[in-house]
Amino acid sequence: MQRRQKNLLGYNIDLFSVEEALDYSNSLIDSAKSSHIVTINPEIIEYANKHEDFAKILKEAELVIPDGIGIKIGLKINGENVQRITGIGFAHSLLENAQKNNIPVALVGAKPHVIEKAYENLKQEMPELNIVYKHDGYFRDCKQEVIDGIKNASPKLLLVALGAPMQEEFIYELKSILPSTLMIGIGGSFDVWAGEVQRAPEIWQKLGLEWLYRTIKQPERFKRIFPTLPLFVYNVIKEKFTKKEVL
């Protein structure tokens, strides 16, 4: 399956539907090299613009899905009315696919009690899910041990919940170590699956307002989203009209 992408502020975003992204992910799992899925949002792009090494990681990812509502708006401004693909929803679909096809899975990240509870809940929901390795995200003093553990377990799918940019940097490091693993950074998804954090009601999700619900529940997120989101949209509009003037 060929990738169709749109460039926003220097970063290529894949324009797959959820179903197409899942099919493409399966092709990555079947490939002979490790791959990285980035769930991109305006905050990640803002950070990348200030850190060249991180920008390189994003630009070399094998799949970049439009997670943030700002990305969807930016694509719409550029004539692409794409389906927003949330990181947590897509990761869950990857796990469902892994259970169906007996794909070995590894889980890394979150607090010790969170990863254990997330593991229990996932196994209860998907009894046949083949989880071959799990570890919490507090491994600064035993990083090599965790890397060796992942390598020895030979997962074909690895979910990393360390938060950006750490999860993307860790995945990028593993790409040169693991022979053939599809990896995705999933932020706080384990906290949701563990029941520690409540996800937005379905109606908020369908309206694309999950970010607003989370901000209402966690006001400290406000500083992270504003002014990043409106500034991102402004820059996308500015870029579009600048290109038109050049043409």
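In what follows, the structure referred to is the one given above.
Cut-offs used in this document
Residues numbered from 1 in each chain as written. Predicted model: local features only at pLDDT ≥ 70, side-chain atom pairs only at ≥ 80, totals over all residues. Heavy atoms only, no water. Salt bridge = Lys/Arg side-chain N within 4 Å of Asp/Glu carboxyl O. Helix = DSSP H or I, 4+ residues; strand = E, 2+ residues; numbered from the N terminus. Buried < 20%, exposed > 50% of the residue type's maximum accessible area, 1.4 Å probe, protein only. Pairing = 2+ DSSP bridges. Polar contact = N/O pair within 3.5 Å; in protein donor to acceptor, adjacent residues only side chain to side chain. Contact = heavy atoms within 4.5 Å. Axes fitted to C-alpha atoms, helices over the stretch in contact; angles between N-to-C directions. Parallel < 35°, antiparallel > 145°, perpendicular 65-115°, else oblique. Left-handed = near helix turned anticlockwise from the far one by under 90°. Core = buried A, V, L, I, M, F, W, Y, C linked by side-chain atoms within 4.5 Å.

> What should I look at first to understand the pattern of salt bridges in this one?
Two side chains bearing opposite charge may form a pair once their charged atoms approach each other closely. Counted by the stated rule, this structure contains nine salt bridges. The partner of Arg3 in a salt bridge is Asp14, with the nearest N and O atoms 2.8 Å apart. Residue Arg3 is found in the segment before strand 1 (5-8), and its partner Asp14 is found in strand 2 (residues 11-14); the two are separated by 11 residues along the sequence. Relative accessible area serves as the criterion here: at 26%, Arg3 is assigned to the partly exposed category.

> Help me understand helix 4 (residues 69-77), please; the structure alone is not making it clear to me.
Spacing of three or four residues puts side chains on the same side of an α-helix, whose turn is 3.6 residues. Listing the buried residues of helix 4 in full gives Ile69, Gly70, Ile71, Gly74 and Leu75. One or two steps after helix 4, the chain reaches Gly79, where phi turns positive at roughly 85°.

> I'm lost on the pairing of strand 4 (residues 63-66) in this one. Help?
Look at any regular strand and the pattern is simple: side chains alternate between the two faces of the sheet. Neither face of strand 4 is open: one carries Leu63 and Ile65, the other Val64 and Pro66, and all of them are buried. Judged from the four bridges that link them, strand 3 (residues 35-40) and strand 4 form a sheet pairing that is parallel. When the bridges of strand 4 are listed, Thr39 appears paired with Ile65.

> Looking at this structure, I do not really get the side chain of Lys175. What am I missing?
Here Lys175 lies in helix 8 (residues 166-175). Overall, the relative accessible area of 19% leaves Lys175 in the buried class. Here the side chain of Lys175 touches Glu60 through a polar contact of 3.5 Å, landing on its backbone oxygen. Leaving out residues up to four positions away in the same chain, Lys175 has contacts with Ser34, His36, Glu60, Glu62 and Met183.

> Any chance you could explain the packing of helix 1 (residues 18-29) against helix 5 (residues 87-100) here in plain terms?
For any two helices packed against each other, one specifies the crossing angle of their axes together with the interaxial distance. Interhelical geometry of helix 1 versus helix 5 gives an angle of 50° and a closest axis separation of 11 Å. With respect to their mutual orientation, helix 1 and helix 5 come out oblique. In this structure, the crossing between helix 1 and helix 5 has a hand that is right-handed. Where helix 1 approaches helix 5, its residues Val18, Ala21, Leu22, Ser25 and Asn26 are matched on the opposing element by Phe90, Ser93, Leu94 and Asn97.

> Looking at this structure, I do not really get the pairing of strand 3. What am I missing?
In terms of residue burial, strand 3 counts as a mostly covered element, since six of its six residues are buried. In strand 3, alternate side chains face the same way, and those of Ser35, Ile37 and Thr39 on one face and His36, Val38 and Ile40 on the other are all buried. The pairing of strand 3 with strand 8 (residues 182-185) spans three bridges and is classified as parallel. In the strand pairing of strand 8, Ser35 is matched with Leu182.

> What exactly am I supposed to notice about the nonpolar core here?
Nonpolar side chains tend toward joint burial in soluble globular proteins. Ranked by size, the top nonpolar core spans 37 residues in total, and within it Phe90, Leu95, Leu157, Leu159, Phe190 and Trp193 carry the most contacts. Secondary-structure elements contributing two or more residues to this core are helix 1, strand 4, helix 5, strand 5 (105-109), helix 6 (112-125), strand 7 (157-161), strand 8 and helix 9 (189-193). Not counting chain neighbours up to four residues away, the residues in contact with Trp193 comprise Ile88, Ala91, His92, Leu95, Ala118, Asn121, Leu122, Leu159 and Ile186. Tyr11, Val64, Ile71 and Val233 belong to the second-largest nonpolar core, a separate cluster that totals 25 residues.

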